[in-house]
Amino acid sequence: MQPEFSKPYFEGIASFLHNQIKQGKTIYPPGKLIFNAFELTPFPALKVLLLGQDPYHQPGQAHGLSFSVPGNMPQPPSLQNILAELKADLGISPPSHGCLEAWARQGVLLLNAILTVEAGKPASHSKAGWMEFTDAVIRTVSAQKNNVVFLLWGSFARSKKDLIDASRHCILEAAHPSPLARGAFLGSKPFSATNAYLKSKGLQPVDWRL
């Protein structure tokens, strides 16, 4: 993704964030964690991409991984539903924490389409330019990898489907795990379906235990 960093739109993102901080606004996640997903899931290891929308906007929640929170934070409602589905799908009991780093270290890129947010204001950075960058990430994964499982949950994530070459990859769509979806996510069995596909391609399945 290095070429993206020198493009005008990315310079615009940096300028936007600098101005936000200059105005005294609090930005999540902390600067050193904005690219945490890429740090924990290097490109050669990537085999699953789980797409979220934007970071959690309350103090201490966001740490650069979609749907995940640090181990000392309570599980947000969407994450509770994800872990409930994990239990229903694979019989894995939900952990006491909500940190998904164990997934990231196994090749699950926990990518938000928007990588920053202003404290207390969900989707506040949706116009900052991040989606141009993360769309490029999705296109790059699609073009340069084979047999990646793309987990697209909810209408926003599903809108990115056209960026993916379905002839080379597996796209698993489901409702969003948010309680606002009224339980439509439950029963989608994404974890077993992901592992079944990876196994069919001779790849190591994900150990979803946390």
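Before reading on, note that the structure itself is shown above.
## So, unusual backbone geometry
Now for step 1: The omega angle of the peptide bond from Tyr28 to Pro29 is -10 degrees, so this bond is cis rather than trans.
Now for step 2: Along the chain, the position of Pro29 falls in the loop between β1 (27–28) and α2 (36–40).
Now for step 3: Phi at Asn147 is positive, roughly 60 degrees, even though this residue is not glycine.
Now for step 4: Structurally, the position occupied by Asn147 is in the loop between α5 (130–144) and β5 (149–153).
Now for step 5: Given a relative accessible area of 22%, Asn147 falls into the partly exposed group.
Now for step 6: Positive phi is not limited to glycine here, since Arg182 has a value of about 55 degrees.
Now for step 7: Here Arg182 shows up in the loop between β6 (170–174) and α7 (190–200).
Now for step 8: A relative accessible area of 80% places Arg182 in the exposed class.

## Some points on the nonpolar core
Now for step 1: Counting 58 residues, the largest nonpolar core has Trp103, Trp130 and Trp153 as its most contacted members.
Now for step 2: Excluding residues that lie within four positions of it along the chain, Trp153 makes contacts with Leu50, Phe67, Ile82, Leu172, Ala174, Ala175, His176, Pro177, Phe185, Pro190 and Phe191.

## Description of helix α3 (residues 77–90)
Now for step 1: For α3, which comprises 14 residues, the first-to-last C-alpha distance of 20 Å matches the rise-based estimate of 20 Å (1.5 Å per residue) to within 8%.
Now for step 2: Considering only its buried residues, α3 is in contact with α4 (101–104), β5 and α7.
Now for step 3: Gly91 sits one or two positions beyond α3 and adopts a positive phi of about 75 degrees.

Reading guide: rules and limits
- Residues numbered from 1 in each chain as written.
- Predicted model: local features only at pLDDT ≥ 70, side-chain atom pairs only at ≥ 80, totals over all residues.
- Heavy atoms only, no water.
- Helix = DSSP H or I, 4+ residues; strand = E, 2+ residues; numbered from the N terminus.
- Buried < 20%, exposed > 50% of the residue type's maximum accessible area, 1.4 Å probe, protein only.
- Core = buried A, V, L, I, M, F, W, Y, C linked by side-chain atoms within 4.5 Å.
- Contact = heavy atoms within 4.5 Å.
- Expected span 1.5 Å × (residues − 1).

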